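Residue-level structure breakdown
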Amino acid sequence: MYKKVYLEITNICNLDCFFCHKTKRKKKLLSVEEFTYLSEKIRPFTDYLYLHLMGEPLLHPLLGDFLGIAENLGFKTTIVSNGFLIKKRAEDILRYAPYKVTFSLHSYEANETDISLKKYLSDIIDFCKKAEEKGTICVLRLWNGKGENRLNDEIISELKKDFSFTENRKGFTLSKRIYLELADMFVWPDNEAPRRDVRFCMGLRDHIGVLSDGTVVPCCLDADGSIPLGNLFTEELTDIVNSPRAKAIYEGFSQNKCAEEMCRHCQYATRFN
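A brief structural summary. (Residues numbered from 1 in each chain as written. Predicted model: local features only at pLDDT ≥ 70, side-chain atom pairs only at ≥ 80, totals over all residues. Heavy atoms only, no water.)

Digging into the side chain of Asn82
Using the following cut-off: Secondary structure elements are defined from DSSP: runs of H or I of at least 4 residues count as helices, runs of E of at least 2 residues count as strands, and each element is numbered from the N terminus. Pairs of residues are marked as contacts when any of their non-hydrogen atoms sit within 4.5 Å.
Relative to the elements of secondary structure, Asn82 occurs in the loop between strand E3 (76-81) and helix H3 (86-94). The residues touching Asn82, leaving out its near neighbours within four places in the chain, are Cys13, Asn14, Leu15, Glu56, Ser104, Ser107 and Tyr120.

Some points on helix H1 (residues 32-42)
The condition is simple: Each residue's exposure class comes from its accessible area (1.4 Å probe, protein chains only) as a fraction of the maximum for that residue type: buried when under 20%, exposed when over 50%, partly exposed otherwise. This arc is taken over the directions from the axis of the helix to the C-beta atoms.
Taken together, the buried positions of H1 are Phe35, Leu38, Ser39, Lys41 and Ile42. The arc that holds the buried residues of H1, viewed along the axis, is 165°, so those residues lie on one side.

Here's the deal with the sheet that holds strand E5 (residues 137-145)
Here is the rule we go by: Pairs of strands are assigned from DSSP output, requiring at least two bridges between the strands.
The mixed open sheet is built from 11 strands, whose spatial order is E6-E7-E8-E5-E4-E3-E2-E1-E9-E10-E11. Strands with a single pairing partner mark the edges of an open sheet, and in this sheet they are strand E6 (166-167) and strand E11 (230-231). Summarising the sheet, strand E9 (residues 207-210) and strand E10 (residues 215-217) pair through 2 bridges and their orientation is antiparallel. When the bridges of E10 are listed, Gly209 appears paired with Val217.

Overview of the nonpolar core
Note the following rule: Throughout, nonpolar core names a set of buried Ala, Val, Leu, Ile, Met, Phe, Trp, Tyr and Cys residues whose side chains join them through atoms within 4.5 Å.
Counting 82 residues, the largest nonpolar core has Phe35, Ile93, Phe103, Leu105, Phe127, Leu140 and Leu159 as its most contacted members. At 8 residues, the largest contribution of residues to this core is made by helix H5 (residues 117-133). The residues contacting Leu159, other than those within four sequence positions of it, are Leu105, Ile125, Leu140, Phe165, Leu174 and Leu180.

In short, shape yes, function no, at least from these values alone.
Have a look at this one:
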């Protein structure tokens, strides 16, 4: 069992964040049939389904249907979003009250927009309060430490108008089920990025990713499917994660070694050293 599996329902995004690797893959939206098929094959391997890898899940017109399917399959579902469309999609999401919704607040500063920061945060705060009443956990992320973060003080000031702050291991507890996470900005893995001292990673240990075309990748940062392990539309997940390439990655990190070149260029993985 994996702690979580990332299922990319779309690789299309409504923003152009400077910190995001983005993807060169063909644009795609999963159909109901495709989502159901992939979810059923994933189900024996995890209880936690993350509707994200690249792309903005709130862009998908069938998001509400997907949440219903995931609920019927017994998943605890998480959505990771930039939050810009939350007011439009709140009803679809709250109908099934997923396990968790995470908002990347650092997306705001990384884009030019006509939406005021106050309006952006107000819509997210309003959703979080309604979601909390239904039992959904909401996480607000400011993952821009040591990066562009001149708006962080203003964001935190706005949040303090609605919540009390209690410090915790990752940031602050704002309410019973609402949290603020703080972390440093990181550079996505890419063969053009600097080589790093990577000796260990949680990919293939606590999670795997499934791209919108069915490609299984070892971690949630493989934006372009650079390490394809197999395809869930044509193969079984057991066979994929036990393939020679997957086993080499897993066993390599067990010995503090990288088996894949792309992994040697991952800044995020260095925090596991």
